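Read off the chains here:
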Amino acid sequence: MRIDGKAYRTIWEAQDGGAVEVIDQTLLPHRFAVRRLDSTAAVADAISSMVVRGAPLIGATAAYGLAIAMTEDASDRHLATAYDTLYRTRPTAVNLRWALDRLRSGLGGLAPSQRPAAAWAMAAEICEDDVETCRRIGEAGAGLIEAVAARKPGETVQVLTHCNAGWLATVDWGTALAPIYMAHDRGVKVHVWVDETRPRNQGASLTAFELGAHGVAHTVIADNVGGHLMQHGKVDLCIVGTDRTTSRGDVCNKIGTYLKALAAHANAVPFYVALPHSTIDWTLRDGVREIPIEERDATELTHMTGRLPDGSLATVEIVAPGSPAANFAFDVTPAHLVTALITDRGVCAASFEGLASLFPDEARGAHGPGES
Ligand code: MRU
């Protein structure tokens, strides 16, 4: 990713060691600020307050959180406490558990004196892996956009996306947006309908910001507009990300994704979900019943933050005082509404068989289609 001509990732190691630096996503698009995270508590707070967010980036940040924890104190006890602190930050994105488990199992067999260096190396590896994984998702998904372009020569391919599954949600490239960036870079004319994504507005604030930075044509729309656009033939395909995908291909993503999938199904618009291998939860089958759905503070719904004409940021209340508000952060789209999954190993059906064809080793220990 490039911001004002400078190459960035969303997370990197601080030059003086023992800390990481991240882009503070709560201030975008109005301010570009880098935040230093130098303790387990600071990392946990950055994840839960969504200074960093997006399933793959949550995983990468948590991995560095454990590395920082090992620099603080490499004992078994601190490893267990730090794991727990980081694990409790956000419940839905399975990348968090995936990254923490990967570090904990790698560190468990080592002497405490070896743990800090090993933990930093493992966290760095997770970040490198994420960049390459997302690049591959881009390669796999760009073909789908190019296929649409080939069917309507000279015309623009219209893509609809929800939330932010771009480079800000990962270490670089993104998941849902990676195919769009790659197709755009190859000269395909693409335009993206960007759902604003209430209540935290990741679409309006983050997706629009990064598409603009990359030079991709886009239009921000209210969350309720997608169905109308699809009815009028103005969406060729939808691509969204996911925070957890079950072994049978149910996908959990930002609240409102399910409604877009229903509208896409009703209007015969292909609905694709892009994901890295780290987002598959092979222990779960039925996403609607089994995936924990995060409920966040109601003030995210009752209040909005934006920029005033003088450049200062302000938060205002938009709900009648005293009205209760419920803030469900994610929903589950059943596999039958998903046209295909775009993974780092290629495109497959949203089903156990589809996923197993690309991830045979992982699928062997998973819940199969007939198991309860
Ligand atoms: O609450 P957020 O902003 O962390 O939610 C992010 C999403 O729902 C993304 O679509 C998902 O993490 C996929 S990101 C590659």
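Residues numbered from 1 in each chain as written. Predicted model: local features only at pLDDT ≥ 70, side-chain atom pairs only at ≥ 80, totals over all residues. Heavy atoms only, no water.

**Quick word on the overall build of the chain**
Then, in step 1: Across its full length, the chain holds 13 helices and 18 strands.
Then, in step 2: For the chain, whose C-alpha radius of gyration is 20 Å, the value lies close to the compact-globule estimate of 21 Å for 372 residues.
Then, in step 3: For the C-alpha atoms alone, the extent of the chain along its principal axes is close to 60 × 55 × 45 Å.
Then, in step 4: Among the 372 residues that make up the chain, the fraction classed as buried is 54%.
Then, in step 5: For the chain, restricting intrachain contacts to residue pairs at least 6 apart in sequence, the fraction spanning at least 24 positions comes to 73%.
Then, in step 6: For the chain, the computed accessible surface area is about 15000 Å², with 52% contributed by carbon and sulfur atoms.
Then, in step 7: In the chain, the 33 positive side-chain charges and the 44 negative ones have mean positions that sit 2 Å from each other. (Helix = DSSP H or I, 4+ residues; strand = E, 2+ residues; numbered from the N terminus. Rg over C-alpha atoms; globule rule 2.2 N^0.38 Å. Buried < 20%, exposed > 50% of the residue type's maximum accessible area, 1.4 Å probe, protein only. Contact = heavy atoms within 4.5 Å. Areas by Shrake-Rupley, 256 points an atom, 1.4 Å probe, with all protein chains shown as cover. Lys, Arg positive; Asp, Glu negative; His and termini not counted. Charge placed at Lys NZ, Arg CZ, Asp CG, Glu CD.)

**Section: the sheet that holds strand 10 (residues 244-246)**
Note: strands within a sheet are paired through backbone hydrogen bonds, in either parallel or antiparallel orientation.
Then, in step 1: Spatial ordering of the open sheet is given by 13-10-11-16, a layout of four strands whose pairing is mixed. Each edge of the sheet is formed by a strand with only one pairing partner; in this case those strands are strand 13 (280-281) and strand 16 (330-333).
Then, in step 2: In this fold helix 9 (residues 257-266) packs onto strand 11 (251-254) and strand 16, with an angle of close to 30° to the strand it touches most, strand 16. (Pairing = 2+ DSSP bridges. Axes fitted to C-alpha atoms, helices over the stretch in contact; angles between N-to-C directions.)

**Quick look at the site of the ligand**
Then, in step 1: With respect to spatial proximity, 19 residues lie near the ligand, and among them Arg53, Arg90, Asp243, Asn253 and Lys254 are the closest.
Then, in step 2: Ala55 is positioned such that a nitrogen or oxygen atom in its backbone is 2.9 Å from an oxygen atom of the ligand.
Then, in step 3: Between the ligand and the protein, one listed contact pairs an oxygen atom with a side-chain N or O atom of Gln202 at 2.9 Å.
Then, in step 4: Protein contacts shield 100% of the accessible area of the ligand, which totals 410 Å² for the unbound molecule.
Then, in step 5: For the shell around the ligand, the secondary-structure elements that each account for two or more residues are helix 2 (55-72) and strand 11.
Then, in step 6: Tallied by class, residues from the shell around the ligand come to seven nonpolar, eight polar and four charged.
Then, in step 7: For the shell around the ligand, the domains that each give at least three residues are domain 1 (2-129) and domain 2 (141-363). (Near = heavy atom within 4 Å. Polar contact = N/O pair within 3.5 Å; in protein donor to acceptor, adjacent residues only side chain to side chain. Nonpolar A, V, L, I, M, F, W, Y, C, P; charged D, E, K, R; others polar. Domains from an automatic or database assignment.)

**Quick notes on the nonpolar core**
Then, in step 1: Ile11, Tyr64 and Leu103 are the most contacted members of the largest nonpolar core, which totals 41 residues.
Then, in step 2: Those elements giving two or more residues to this core turn out to be strand 4 (20-23), helix 1 (40-48), helix 2, helix 3 (76-87), helix 4 (95-108) and helix 5 (115-151).
Then, in step 3: No other element matches the 12 residues that helix 2 contributes to this core.
Then, in step 4: One finds Val148, Val157, Ala274 and Ala340 within the second-largest nonpolar core, a separate group that totals 33 residues. (Core = buried A, V, L, I, M, F, W, Y, C linked by side-chain atoms within 4.5 Å.)

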